[in-house]
Amino acid sequence: MNSIRKIGVIGAGTMGNGIAQACAVVGLPVTMIDISDEAVQRGVKTLSGSLDRLVKKEKLTEDAKAKALALVKGSTQYADLRDCDLVIEAATENIELKLRILRQVEDIVRDDAVVASNTSSISITQLAAVMKHPGRFIGMHFFNPVPVMALVELIRGLQTDDAAHAVCAEFAKAIGKTPVTVRNSPGFVVNRILCPMINEAVFVLQEGLATAEDIDAGMRLGCNHPIGPLALADLIGLDIMLAVMKVFYDGFKDPKYRPAPLLQEMVDAGRLGRKTGRGFYSYA
């Protein structure tokens, strides 16, 4: 893939380090940026642990692991993105934060670099509007866990040009993903279908129709889902789920997208799922 030789990833959290791993294992150098050395080191440690699990499963050799880790550079300096061909923003799902990051990125990267956001729900058209070169901006929505999930949604904003789309489609295939192209709209395609389903499961729990265990068992066994909706919400993060539903509610002005009150209450209580040790299930 001649057009993409070096990747920048902003955010060393779950999605950011997963994207960095997907790049490094196929031989692409990647710079992973976060706000502090501690956050960067946590991201690198998580990435290393993920590679260790692949080695134990004999899906990766020790030599390949070492080569992949050597391709990942952690940094807190946006200046280190200067020579990247593609920069993917993978920060928290907060529009003001993303807009601030994108302004900083565009001041650093080359004019011919492609800039993407891993947002799961925020308008690509709206994000592109703050950029001097909005045509080179696109949505690249990866799915969690990134090293395992094969899909990438490529979201074209109103301004996204064909060249940026083609580069990102080529890049997605090069790291072993299958890209699907979707039009800009709240939640795009997958989350537009998935998140209201999860939200409805929270309503079902809230109304006492069944326990969390039975709701999840019903969807696993009755619909052949690999994981139940409430367990999936815990994996995604209940704060992320709530943020996405609020985007839908605000974007469509349709009451069918209103967040379940129990979802809001769980977030208010700090029970965000796996990352806090407790959500609809306990992970102590």
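Residues numbered from 1 in each chain as written. Predicted model: local features only at pLDDT ≥ 70, side-chain atom pairs only at ≥ 80, totals over all residues. Heavy atoms only, no water.

Considering the UniProt feature "domain: 3-hydroxyacyl-CoA dehydrogenase NAD binding" (unreviewed entry) in the chain
Our working rule: UniProt positions are given in the numbering used here, feature names are shortened, and annotations may be inferred rather than shown by experiment. Under the DSSP-based scheme used, a helix requires at least four consecutive residues in state H or I and a strand at least two consecutive residues in state E, with every element numbered from the N terminus.
UniProt marks residues 6–184 with the feature "domain: 3-hydroxyacyl-CoA dehydrogenase NAD binding" (unreviewed entry), using the numbering shown here. With 40% helix and 21% strand, residues 6–184 has end C-alpha atoms that lie 27 Å from one another.

Looking at the sheet that holds strand β5 (residues 114–117)
We apply this condition: In this scheme, strands are said to pair when DSSP sees at least two bridges between them. Each axis is a line fitted through C-alpha atoms, and for a helix only the stretch in contact is used; angles between axes span 0 to 180 degrees, taken between their N-to-C directions. Should any heavy atoms of two residues lie within 4.5 Å, those residues are counted as being in contact.
Taken together, the 8 strands give an open sheet; going across it, the order is β3-β2-β1-β4-β5-β6-β7-β8, and neighbouring strands pair in mixed fashion. The open sheet has two edge strands with one neighbour each: β3 (72–75) and β8 (178–183). Each strand of the sheet is rotated relative to its neighbour by a mean of 25°, with strand direction disregarded. As judged from the 4 bridges shared by strand β2 (residues 30–33) and β3, these two strands associate in the parallel manner. Considered in β3, the bridge of Thr31 is made with Lys73. Relative to the sheet, helix α6 (residues 162–174) contacts β1 (7–10), β4 (86–89), β5, β6 (137–142), β7 (151–156) and β8, its axis offset from that of β6 by approximately 25°.

Thoughts on the pairing of β7
One ladder, built from 4 bridges, connects β6 with β7; its direction is antiparallel. If you follow His141 over to β7, its bridge partner there is Glu153. The sheet contact formed by β7 and β8 spans 6 bridges and is parallel. Paired with Leu154 across the two strands is Thr181, which belongs to β8.

Comments concerning the environment of Tyr249
For the record, the criterion: Only protein chains enter the accessibility calculation, which uses a 1.4 Å probe; a residue is then buried when its area is under 20% of its type maximum, exposed when over 50%, and partly exposed in between.
Structurally, the position occupied by Tyr249 is in helix α10 (residues 238–252). Taking relative accessible area as the criterion, Tyr249 reaches 36% and is therefore assigned partly exposed. Remark: the alpha-carbon pair of Tyr249 and Asp37, spanning 212 residues in sequence, is separated by 37 Å. Contact partners of Tyr249, with chain neighbours within four places excluded, come to Asp254, Pro255, Tyr257 and Arg258.

Some details on the nonpolar core
This is how the line gets drawn: To define a nonpolar core, start from buried Ala, Val, Leu, Ile, Met, Phe, Trp, Tyr and Cys residues and group those joined through side-chain atoms within 4.5 Å.
Core analysis: the biggest nonpolar cluster contains 37 residues, and Ile7, Leu86, Ile88, Met140, Phe142 and Phe171 have the highest contact counts within it. With residues near it in sequence (within four places) discarded, Leu86 still touches Ile4, Lys6, Ile7, Gly8, Val114, Ala116, Met140, Cys168 and Phe171. Membership of the second largest hydrophobic core comes to 25 residues, among which are Val202, Ala231, Phe280 and Tyr281.

Section: the UniProt feature "domain: 3-hydroxyacyl-CoA dehydrogenase C-terminal" (unreviewed entry) in the chain
Within this structure's numbering, the places UniProt gives as "domain: 3-hydroxyacyl-CoA dehydrogenase C-terminal" (unreviewed entry) are residues 187–283. The span residues 187–283 is 62% helix and 0% strand, and its two end C-alpha atoms sit 28 Å from each other.

With respect to a positive patch on the surface
Note the following rule: Here, patches come from residues exposed beyond 30% relative accessible area and free of salt bridges, joined within 9 Å for like charges and within 5 Å for nonpolar side chains (Val, Leu, Ile, Met, Phe, Trp, Tyr). Values of accessible area rely on a 1.4 Å probe in the Shrake-Rupley scheme; residue burial ignores everything except the protein chains shown. A pair is scored as a salt bridge if a Lys or Arg side-chain nitrogen falls within 4 Å of a carboxyl oxygen belonging to Asp or Glu. A positive count includes Lys and Arg, and a negative count includes Asp and Glu. His and the chain ends are not counted in either. A charge is said to be at NZ when it belongs to Lys, at CZ for Arg, at CG for Asp and at CD for Glu.
On the surface, Arg53, Lys56, Lys57 and Lys59 cluster together to form a positively charged patch. Take Lys57: it is sitting in the loop between α2 (37–56) and α3 (62–70).

Quick notes on the packing of helix α7 (residues 190–206) against helix α9 (residues 229–236)
The test is simple: With the far helix as reference, a near helix turned anticlockwise by less than a right angle produces a left-handed crossing, and one turned clockwise produces a right-handed crossing. In the scheme used here, Gly and all other residues not listed as nonpolar or charged are polar, with Ala, Val, Leu, Ile, Met, Phe, Trp, Tyr, Cys and Pro taken as nonpolar and Asp, Glu, Lys and Arg as charged.
Direction vectors running N to C along α7 and α9 enclose 115°, while the axes themselves pass 9 Å from each other. In the crossing of α7 with α9, the sense of the turn from one axis to the other is left-handed. Residues Leu194, Met197, Ile198, Ala201, Val202 and Leu205 of α7 lie in contact with α9, whose contacting residues are Pro229, Leu230, Leu232, Ala233 and Ile236. Class assignment for the residues of the contact of α7 with α9 results in 11 nonpolar, no polar and no charged.

Looking at the packing of aromatic side chains
The condition that has to hold: Side-chain rings of Phe, Tyr and Trp (the six-membered ring for Trp) are treated as a pair once their centres are within 6.5 Å; stacked means planes under 30 degrees apart, edge-to-face means over 60, and tilted covers the remaining angles.
Scanning the model with the defined rule gives 3 aromatic pairs in all. Where Phe248 meets Phe252, the ring centres are 6.3 Å apart and the plane angle is 65°; that geometry is what we call edge-to-face. With Phe248 and Phe252 both in helix α10 and 4 residues apart, the pair spans about one turn of that helix. When the ring of Phe248 is compared with that of Tyr257, the centres are 5.6 Å apart and the planes differ by 75°; the resulting orientation is edge-to-face. With respect to burial, Phe248 and Tyr257 carry one shared label: buried. An aromatic cluster is present here, built from Phe248, Phe252 and Tyr257 joined pairwise through their rings.

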